[in-house]
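# Structural characterization, general
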Protein chains: 2
Amino acid sequence: MAANPTARPARSAGRRALPKSEATRERIIAAAAHVLVERGYAGTKLSDIAEQAGLQAGSLYYHFDDRDDIVDQVLRRSVRGILQRVRSAVEALPAGARSFDRLRAAIVAHLEVILESSDVSSAGLRLMSQLPPEIQRRYRRIQRDYGDYWHGLITTAQQDGSIRADIDPVRLRLFVIGQLNWVAEWPRPTRGPIDEMAGDALAIITDGIASGATTGRSE
Amino acid sequence: MAANPTARPARSAGRRALPKSEATRERIIAAAAHVLVERGYAGTKLSDIAEQAGLQAGSLYYHFDDRDDIVDQVLRRSVRGILQRVRSAVEALPAGARSFDRLRAAIVAHLEVILESSDVSSAGLRLMSQLPPEIQRRYRRIQRDYGDYWHGLITTAQQDGSIRADIDPVRLRLFVIGQLNWVAEWPRPTRGPIDEMAGDALAIITDGIASGATTGRSE
DNA sequence: GTCTATACGACGATAGAC
DNA sequence: GTCTATCGTCGTATAGAC
């Protein structure tokens with residue numbers, strides 16, 4: 001609504017052809033994600049975003065319509081980014097990979113994203129509940145896509161018998177993803193190297209915490 | 001700091017002897033918890049709390065010093081309540097209960113609290129990250145007690161071999177509790193009856209999602 | 001594109017009537 | 001105890017200089 005960049009960057013040959021402002025736009029989004037995760041939706045002030053991005057509060061309005069517009073962009077990239085990462089991790093597997101391994105790859109990828117860029121990516125996961133209904137609506141659509149993707153992985157694995165089928169696939173998914181998502185809330189000191197964390201998570205999720213046979217599933 | 005109830009309620013015989021105002025104080029705390037969970041820390045306005053509690057914003061100051069005082073009370077009760085519930089659930093077991101069963105009882109109790117009073121109880125769990133450092137500090141002490149209690153349950157079970165010992169007890173705890181905590185974020189429709197939810201959670205946590213032997217722990 | 005200055009509204013907190 | 005003002009502060013958003 002504000003910007004009207006009549007001309008794209010003069011030379012598109014260089015290395016990437018970034019419209020001059022597009023770059024700071026990204027900086028702002030990254031900054032906003034950081035503040036959002038730390039302060040929550042309502043606690044995110046434009047002045048904080050601006051400071052984090054290295055400019056003045058008023059300048060934000062050159063790049064975005066208003067506060068919610070910024071939030072919107074963050075959320076959109078958040079889940080979209082995770083979906084891409086997870087999907088490409090799964091598709092990177094050899095052609096005939098077993099459904100169980102595809103699920104494992106998804107689990108690891110999901111956790112990796114959270115641990116790596118805990119800002120931009122995990123923002124969407126944690127803010128959902130406190131968002132104003134309107135934003136929540138728009139955003140839920142994107143998140144549903146992600147849920148659907150997982151749903152496919154899980155039901156497939158259940159059908160070919162590689163994972164237990166006695167639990168509703170939706171709940172199973174929510175329990176598993178939830179366990180991973182909560183890692184974003186862990187105090188930094190308790191976290192370990194990504195590969196260790198992934199290994200532990202996988203071990204618990206696939207095999208459980210019971211040692212060997214002690215189980216006792218029937219109660 | 002404001003109130004100075006010179007006289008306790010005249011008759012203490014009745015049924016409970018509630019200092020007249022003590023009752024509304026509780027209403028306010030419950031209301032605040034509700035708003036906090038829905039809007040986040042910064043998004044919680046006094047006017048919302050007041051409305052939810054059935055009085056005017058200004059009236060809140062008769063019962064509390066300021067906004068943060070209210071938040072403080074909510075958080076304090078939140079984790080304190082969960083600890084009590086979980087502890088009493090564990091202690092309700094027969095004297096010589098196996099460590100594994102004690103852990104199971106804790107898992108179920110923790111989940112139950114979240115599912116029942118998703119407001120007051122889960123408030124503390126979800127707000128931690130977005131709280132201003134000062135409040136966070138005071139509050140972390142209480143939460144540490146809760147973590148310690150779990151730590152005891154887990155290390156004991158690891159030592160007597162009833163649960164796997166190849167995963168750091170702290171991480172094991174965080175993964176398990178995290179999985180349960182995230183249930184508070186589930187959309188209502190996806191949740192089921194408490195006992196079903198508890199059964200599923202227990203099954204996944206203890207036995208994992210892999211079907212029988214397919215495991216593949218080594219990678 | 002980014003700045004400074006400012007208008008405007010919203011919310012926390014206080015004062016005093018009832 | 002709870003209400004109805006009201007003040008002061010802070011944050012969003014706009015305007016206009018650079």
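The sections below set out a description of the structure shown in this document. Computed from a predicted structure; not experimentally measured.

## A closer look at the overall build of chain A
- Assigned secondary structure in chain A consists of nine helices and zero strands.
- Ordered by position from the N terminus, the helices and strands of chain A form the series α-α-α-α-α-α-α-α-α.
- A buried classification covers 50% of the 219 residues belonging to chain A.
- Put simply, of all contacts in chain A between residues at least 6 apart along the chain, 68% involve residues at least 24 apart.
- Carbon together with sulfur atoms contributes 49% to the accessible area of chain A, which is approximately 10800 Å² in total.

## Comments concerning the protein's contact with DNA strand C
- In the vicinity of DNA strand C lie 15 residues, with A:Q56, A:S59, A:H63, B:K45 and B:Y61 positioned nearest.
- At 2.6 Å, a backbone N or O of A:Q56 approaches a phosphate oxygen of DNA strand C.
- Among the elements of the structure, α1 (20–39) and α3 (60–63) of chain A are those that each provide at least two residues to the surface near DNA strand C.
- Among the elements that make up the surface near DNA strand C, the one with the highest residue count is α1(A) (three residues).

## A short note on empty space enclosed by the protein
- Applying the stated criterion across every chain, the model contains two cavities of 30 Å³ or more.
- A volume near 160 Å³ is recorded for the largest cavity.
- Together, 17 residues line the largest cavity, and A:R126, A:Q130, B:R126, B:S129 and B:Q130 are the ones closest to its centre.
- Looking at the lining of the largest cavity, the elements with two or more residues in it are α1 and α6 (120–127) of chain A together with α1 (20–39) and α6 (120–127) of chain B.
- Grouping the constituent residues of the lining of the largest cavity by class yields six nonpolar, six polar and five charged.
- Of the voids in this model, the second largest cavity is the one considered here, and its volume is about 30 Å³.
- What lines the second largest cavity is simply A:L46, A:L60, A:Y61, A:F64, A:D65, A:D66 and A:I70.
- Classifying every residue of the lining of the second largest cavity by side-chain character gives five nonpolar, no polar and two charged.

## Quick notes on the interface of chain A and chain B
- Counting from both sides, the interface comprises 53 residues of chain A and, opposite them, 53 residues of chain B.
- The contact between chain A and chain B buries some 5000 Å² in all, and 58% of this surface belongs to carbon and sulfur atoms.
- Together, A:F175, A:W182 and A:I209 form the three largest contributors to the area buried by chain A at its contact with chain B, with a combined 17%.
- Linking B:R171 and A:E196 is a salt bridge whose minimum nitrogen-to-oxygen distance equals 3.0 Å.
- Scanning the region where chain A abuts chain B turns up 24 residue pairs in polar contact (both at pLDDT 80 or more).
- Mapped by element, the contributors of at least two residues to the side of chain A that touches chain B are α1, α5 (99–116), α6, α8 (169–181) and α9 (194–207) of chain A.
- Among the elements that line the side of chain A that touches chain B, the one with the most residues is α9(A), at 10 residues.
- Residue composition of the side of chain A that touches chain B, grouped by class: 23 nonpolar, 17 polar and 13 charged.

The rules behind these values
- Residues numbered from 1 in each chain as written.
- Chains lettered and ligands numbered in written order.
- Predicted model: local features only at pLDDT ≥ 70, side-chain atom pairs only at ≥ 80, totals over all residues.
- Heavy atoms only, no water.
- Helix = DSSP H or I, 4+ residues; strand = E, 2+ residues; numbered from the N terminus.
- Buried < 20%, exposed > 50% of the residue type's maximum accessible area, 1.4 Å probe, protein only.
- Contact = heavy atoms within 4.5 Å.
- Areas by Shrake-Rupley, 256 points an atom, 1.4 Å probe, with all protein chains shown as cover.
- Near = heavy atom within 4 Å.
- Polar contact = N/O pair within 3.5 Å; in protein donor to acceptor, adjacent residues only side chain to side chain.
- 1 Å grid on protein atoms, 1.4 Å probe; cavity = no way out; pocket = protein on both sides within 12 Å on 5 of 7 lines; lining within 4 Å.
- Points joined across faces, edges and corners; volume = space filled by probe spheres on them.
- Nonpolar A, V, L, I, M, F, W, Y, C, P; charged D, E, K, R; others polar.
- Buried area = accessible area lost by both parts, 1.4 Å probe.
- Salt bridge = Lys/Arg side-chain N within 4 Å of Asp/Glu carboxyl O.

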